[in-house]
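In case you want the letters, here they are:
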Amino acid sequence: MTDTPDSAPATYEDLMRQTRRIYQELERYHGITRRQLKEEWKTVEAAIYVALDTDDESGQVVGQAALDAAQQIRARWIPASDNLQ
């Protein structure tokens, strides 16, 4: 049995790419200033820093921590009706 893209574990690169897309989405969103985004993004950086202390050589723990933090920021700032992708 082979993994399909949906069932294959995400790589560090995939997770960080998704995190970067959220950052770019927030940059374009008019409901948040650059200063607010910079302050909010410290949460993502902190999550990465904490996750770096794990023994996960694949980087998936770090990538998932970054993505989770970014998704929480997006959920706080962009209303669900605006977040239809």
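Residues numbered from 1 in each chain as written. Predicted model: local features only at pLDDT ≥ 70, side-chain atom pairs only at ≥ 80, totals over all residues. Heavy atoms only, no water.

1. Let's talk about the side chain of Glu25
On the secondary structure map, Glu25 appears in helix H1 (residues 12-28). Residue Glu25 is classed as buried on the basis of its relative accessible area, which comes to 14%. Side chain to side chain, Glu25 and Arg74 meet in a polar contact 3.1 Å long. (Helix = DSSP H or I, 4+ residues; strand = E, 2+ residues; numbered from the N terminus. Buried < 20%, exposed > 50% of the residue type's maximum accessible area, 1.4 Å probe, protein only. Polar contact = N/O pair within 3.5 Å; in protein donor to acceptor, adjacent residues only side chain to side chain.)

2. Let's talk about the nonpolar core
In terms of nonpolar packing, the biggest core is built from 15 residues, with Ile22, Leu26, Leu37, Trp41, Val44, Ala70 and Ile73 touching the most fellow members. Elements with a minimum of two residues in this core: H1, helix H2 (34-51) and helix H3 (60-77). In terms of residue count, the dominant contributor to this core is H3 (five residues). Sequence-distant contacts of Ile73, defined by excluding residues within four places in its chain, comprise Leu26, Glu40, Trp41, Thr43 and Val44. (Core = buried A, V, L, I, M, F, W, Y, C linked by side-chain atoms within 4.5 Å. Contact = heavy atoms within 4.5 Å.)

3. Details of the packing of H1 against H3
Axis separation between H1 and H3 bottoms out at 8 Å; the angle between their running directions is 20°. By the angle class used here, H1 and H3 are roughly parallel. The two elements H1 and H3 meet at a crossing, and its hand is left-handed. Residues Tyr12, Leu15, Met16, Gln18, Thr19, Ile22, Glu25 and Leu26 of H1 touch H3, and the partners they reach there are Gln60, Val62, Gly63, Gln64, Ala66, Leu67, Ala70, Gln71, Ile73, Arg74 and Trp77. Residue composition of the contact of H1 with H3, grouped by class: 11 nonpolar, six polar and two charged. (Axes fitted to C-alpha atoms, helices over the stretch in contact; angles between N-to-C directions. Parallel < 35°, antiparallel > 145°, perpendicular 65-115°, else oblique. Left-handed = near helix turned anticlockwise from the far one by under 90°. Nonpolar A, V, L, I, M, F, W, Y, C, P; charged D, E, K, R; others polar.)

4. Looking at the environment of Ile32
Tracing the chain through its elements places Ile32 in the loop between H1 and H2. Other than its neighbours up to four places away in sequence, Ile32 contacts Leu26, Leu37, Glu40 and Trp77.

5. Observations concerning the packing of H2 against H3
Two elements in contact, H2 and H3, have axes separated by 8 Å at closest approach and are oriented at 155°. Here H2 lies roughly antiparallel to H3, going by the angle between them. Both H2 and H3 take part in a crossing whose hand is right-handed. Mapping the contact onto sequence places Gln36, Glu40, Trp41, Thr43, Val44, Ala47, Ile48 and Ala51 in H2 and Val61, Val62, Ala65, Ala66, Ala69, Ala70, Ile73, Arg76 and Trp77 in H3.

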